Amino acid sequence: MARRALTTAAAAFTTAAALLLTACGGGDDSSSDDIKGAGNGSSSSPSASASSAAPGVKRPDIKLPSSFQLTFANWTSSDPVEQAVLDDGKEQLRAGYEAIIENDPASKNRAFYDTKNGFLQSQQWIRTYTDKNLTVIGKLPVFDPKVTLAKDKAAASLSYCTDESKASTKNRKTGEVKGNPAGTDPEVLYVISMGKNAQGVWQAVSAHSERGGCAQ
């Protein structure tokens, strides 16, 4: 992922994206197809992984089935503030897939990691699945994370890539499984604008996606 992505991210600190995002709930519509990725290989609580981000705050217990494996590569930083952004950004993504799998657009767990406007975007994204009776299966690697902090460290931009090549949607009623159409670039770049709330939790404000942007 090129540094160019971070320039885009910096401009997004106060901008709310209005369209659907492939995996985060807000962004461009160029990647709003039905492939969106996968969950964690086992049920787990975010409290341990999010220990550096507002450690005194009780976080939701996000659970994902083994049928949906969401993996995070190199999701660490030596800077504690950047690590807090990474931790909450990770849980925000996991909560979104949990909502899809549980068929719950009103997910309180996702809302915990979104601002009010951010959650409205998330609900639009989740409903692109639930309204079609779709869930997600397979594997979705999340990699190449980068954090850009505002000068006051109260706002941040988190960018990362996903690889959808082994992720699919599954119809809850018919069992039909679909992957990305042939010739579609499986890698998608995400840039998430985040802000820290009064409790110290980093929440998603807006997001942007670009299919094929990881190669830039």
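Residues numbered from 1 in each chain as written. Predicted model: local features only at pLDDT ≥ 70, side-chain atom pairs only at ≥ 80, totals over all residues. Heavy atoms only, no water.

Labelled according to an unreviewed UniProt entry, the chain appears under the name Lipoprotein, originating from Streptomyces koelreuteriae.

K.L.:
Would you explain the nonpolar core in this entry?
P.N.:
If you look at soluble globular proteins, the nonpolar side chains tend to sit buried side by side. If you look at the biggest cluster of nonpolar residues, it comprises 31 residues, and the most contacted ones within it are Y97, L158, Y160 and I192. Of all elements in the fold, only strand 1 (68-72), helix 2 (80-101), helix 4 (116-130), strand 2 (134-149), strand 3 (155-163), strand 6 (187-196) and strand 7 (202-211) reach the threshold of two or more residues within this core. Of all the elements, helix 2 adds the most residues to this core, at 8 residues. (Core = buried A, V, L, I, M, F, W, Y, C linked by side-chain atoms within 4.5 Å. Buried < 20%, exposed > 50% of the residue type's maximum accessible area, 1.4 Å probe, protein only. Helix = DSSP H or I, 4+ residues; strand = E, 2+ residues; numbered from the N terminus.)

K.L.:
Looking at this structure, I do not really get the packing of aromatic side chains. What am I missing?
P.N.:
In this description, a pair of aromatic rings is defined by centroid distance and the angle of the planes. For the structure shown, the criterion picks out 7 aromatic pairs. Look at F112 and Y113: their rings are 4.8 Å apart centre to centre, the planes differ by 75°, and that puts the pair in the edge-to-face class. For Y113, a relative accessible area of 0% puts it in the buried group. A centroid spacing of 5.6 Å and a plane angle of 40° characterise the contact between Y160 and Y190, whose relative ring orientation is tilted. Placement of Y160 in strand 3 and of Y190 in strand 6 is noted, with a sequence separation of 30 residues between them. Counting every residue linked through ring pairs, the aromatic cluster contains F68, Y97, W125 and Y129. (Phe/Tyr/Trp six-rings, centres within 6.5 Å; stacked < 30°, edge-to-face > 60°.)

K.L.:
Teacher, can you tell me more about the environment of A73 here?
P.N.:
In this structure, A73 sits in the loop between strand 1 and helix 2. Relative accessible area serves as the criterion here: at 34%, A73 is assigned to the partly exposed category. Along the sequence, A73 and P141 sit 68 residues apart, while their C-alpha atoms lie 7.4 Å from each other.

K.L.:
Just checking my understanding: could you explain helix 4 for this structure?
P.N.:
Along an α-helix, a turn takes 3.6 residues, which lines up residues three or four apart on a common side. A rise of 1.5 Å per residue sets the reference length of helix 4, with its 15 residues, at 21 Å; its end C-alpha atoms lie 21 Å apart and thus fit the reference within 8%. Residues G118, F119, Q121, S122, Q123, W125, I126, T128, Y129 and T130 constitute the buried set of helix 4. Along its buried surface, helix 4 packs onto helix 2, helix 3 (108-112), strand 2, strand 4 (167-171) and strand 7. (Expected span 1.5 Å × (residues − 1). Contact = heavy atoms within 4.5 Å.)

K.L.:
When you look at the side chain of Q203 in this model, what are you seeing that I'm missing?
P.N.:
By secondary structure assignment, the location of Q203 is in strand 7. Judged by relative accessible area, Q203 falls into the buried class, the value being 12%. Those residues within four positions of Q203 in sequence are excluded, and the remaining contacts are A111, F112, Y113, D114, T115, S193, M194, G195 and N197.

K.L.:
Help me out: how do you make sense of unusual backbone geometry in this one?
P.N.:
The general pattern is negative phi for most residues beyond glycine and trans for most peptide bonds. Although it is not a glycine, N133 sits at a positive phi angle of roughly 60°. With respect to the helices, strands and loops of the structure, N133 is situated in the loop between helix 4 and strand 2. Unlike most non-glycine residues, D144 shows phi in positive territory, near 55°. Here D144 is to be found in strand 2. Given the relative accessible area of 24%, D144 is considered partly exposed.

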